[in-house]
Amino acid sequence: MAANNRAILLALAATALFTVASAMVKHAVLTYPVLQILFIRQIVVGLSALPSAVRTFPHSLKTQYPGWHAIRIAGAFTALSMGIWAVAVLPLTTATALAFSQVFFVVLLAALFLKERTGTYRMTAIVIGFIGVLVVIRPATTGMFDIGSLIAITGALGAAVAIISVRKLSQTESTETLLSYQALFVGLASGIAMLWLWLPPTLADIAFMLGIGIVATIGQWLGIMALRAGEASVVGSIEFMKLVYAAILAFLFFSEIPDKYTLAGAALIVLSALFMLKKES
């Protein structure tokens, strides 16, 4: 099989698993706090990173840029916690569509902090994508400060901060160091909150929440394999299949049907991001 074809299949599987994890979160958050779900998810992530961290210890915890790691952890914690919260308060398709706004935040933050160039086509894509976000949240009818939309967009901004931090850190830090710091400190941040928020789960519920972590972790590894197998622009374009998967799962399990504003806005967000990916490639 050609490398890009193999990458497409791996990316399709990865995006499907990430969307399934989001649907599972939407069910779990009906009963348990956001940070409890995140904490149990991070236990799985931490265990998956543990063999590599132990093998390279103490080198895996040595860093030249503790400040950038702190920024990255704050961004990752915001992205993960707000992402869980967003699917709790928004339809699954809407939350998924708004999460794609991270693409545009990444471009803007990269220009500000990493001095990456921002050409005409990038700014055009950002403007179109922003219009798409406005269509999804439709401020004329819900108000610009609709809490659900702000939660989703804050999560997207957190994800962009984490991505920019990884771009900076990856120049000097090992993969083991990047994985170890996020697994340890995001888990610690959510774990501290358990002193006040923990609700004793049933065995079935704790297995379900561990399942969220397992599904997401497998999806993450498949995504890495896809990027190793094929071109980043090809893999990146498959990311938007999350919208299709989200619409199907939302209909099957939550009886949600995307309205015309969500569909139109999602189309603009996807088209603008695909335009940017095409130009980048």
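Small disclaimer: the values here were computed from a predicted structure and weren't measured.

### Structural notes on the overall build of the protein chain
And then number 1: Of regular secondary structure, the protein chain possesses 13 helices and 0 strands.
And then number 2: Along its sequence from the N terminus, the protein chain presents helices and strands in the succession α-α-α-α-α-α-α-α-α-α-α-α-α.
And then number 3: Scored against the burial criterion, the 281 residues of the protein chain give a buried share of 44%.
And then number 4: Within the protein chain, contacts between residues at least 6 apart in sequence are counted, and of these 91% link residues at least 24 apart.
And then number 5: In the structure as shown, the protein chain presents an accessible area of about 14,000 Å², 72% of it carried by carbon and sulfur atoms.

### Points about a nonpolar patch on the surface
And then number 1: Among the surface-exposed residues, Leu-61, Leu-184, Phe-185, Leu-188, Ile-192, Leu-195, Trp-196 and Leu-197 lie close enough to one another that they form a single nonpolar patch of about 820 Å² accessible area.
And then number 2: Note that Phe-185 resides in helix α9 (residues 175-197).

### Observations regarding the nonpolar core
And then number 1: Ranked by internal contacts, the top residues of the largest apolar core, which has 51 residues, are Ile-37, Ile-84, Leu-92, Leu-98, Met-209 and Ile-212.
And then number 2: Those residues in contact with Leu-98 that sit more than four places away from it in its chain are Leu-90, Val-133, Val-136, Ile-137, Ser-149, Ala-152 and Ala-156.
And then number 3: Counting 8 residues, the second largest nonpolar core, distinct from the first, contains Ala-7, Ala-11, Ala-14 and Ala-226.

### Remarks on the confidence of the model for the protein chain
And then number 1: The share of residues in the protein chain with pLDDT of 70 or more is 87%, and the mean pLDDT across the chain is 80.
And then number 2: Summarising per-element confidence for the protein chain, the mean pLDDT is lowest in helix α7 (residues 139-142) (53) and highest in helix α3 (residues 66-89) (87).

### Quick look at the packing of aromatic side chains
And then number 1: Per the stated rule, a full pass over the model turns up 0 aromatic pairs.
And then number 2: When the ring centre of Phe-254 is taken as reference, the NZ or CZ atom of Lys-26 above it lies at 5.8 Å.

### A short note on the pattern of salt bridges
And then number 1: In this structure the tally under the stated criterion is 1 salt bridge.
And then number 2: A salt bridge links Glu-256 to Lys-26, with the shortest nitrogen-to-oxygen separation between them at 3.5 Å. Of this pair, Glu-256 sits in the loop between α12 (241-254) and α13 (260-280) while Lys-26 sits in helix α1 (residues 3-28), and the two are 230 residues apart along the sequence. Both residues of the pair, Glu-256 and Lys-26, count as buried.

### Quick notes on the side chain of Thr-15
And then number 1: Within the fold, Thr-15 resides in helix α1.
And then number 2: Not counting residues within four places of it along the chain, the set of residues in contact with Thr-15 comprises Ile-238, Glu-239, Met-241, Lys-242 and Tyr-245.

### As for unusual backbone geometry
Leaving glycine aside, a negative phi is the common case for residues, and trans is the common case for peptide bonds.
And then number 1: Here Ser-255, not a glycine, exhibits a phi torsion of approximately 55 degrees, which is positive.
And then number 2: With respect to the element layout, Ser-255 can be found in the loop between α12 and α13.
And then number 3: Residue classification places Ser-255 among the exposed positions, given a relative accessible area of 64%.

### Here's the deal with the packing of α3 against helix α8 (residues 147-169)
Geometry of a packed helix pair, given as the angle between the helix axes and the separation of the axes.
And then number 1: Direction vectors running N to C along α3 and α8 enclose 150 degrees, while the axes themselves pass 7 Å from each other. Classed by the angle they form, the pair α3 and α8 counts as roughly antiparallel. Handedness of the α3/α8 crossing: left-handed.
And then number 2: Residue composition of the contact of α3 with α8, by class: 16 nonpolar, 8 polar and 2 charged.

Criteria and thresholds
Residues numbered from 1 in each chain as written. Predicted model: local features only at pLDDT ≥ 70, side-chain atom pairs only at ≥ 80, totals over all residues. Heavy atoms only, no water. Helix = DSSP H or I, 4+ residues; strand = E, 2+ residues; numbered from the N terminus. Buried < 20%, exposed > 50% of the residue type's maximum accessible area, 1.4 Å probe, protein only. Contact = heavy atoms within 4.5 Å. Areas by Shrake-Rupley, 256 points an atom, 1.4 Å probe, with all protein chains shown as cover. Patch = residues over 30% accessible without salt bridge, like charges linked within 9 Å, V, L, I, M, F, W, Y side chains within 5 Å. Salt bridge = Lys/Arg side-chain N within 4 Å of Asp/Glu carboxyl O. Core = buried A, V, L, I, M, F, W, Y, C linked by side-chain atoms within 4.5 Å. pLDDT = per-residue confidence, 0-100. Phe/Tyr/Trp six-rings, centres within 6.5 Å; stacked < 30°, edge-to-face > 60°. Lys NZ or Arg CZ within 6 Å of the ring centre and 35° of its normal. Axes fitted to C-alpha atoms, helices over the stretch in contact; angles between N-to-C directions. Parallel < 35°, antiparallel > 145°, perpendicular 65-115°, else oblique. Left-handed = near helix turned anticlockwise from the far one by under 90°. Nonpolar A, V, L, I, M, F, W, Y, C, P; charged D, E, K, R; others polar.

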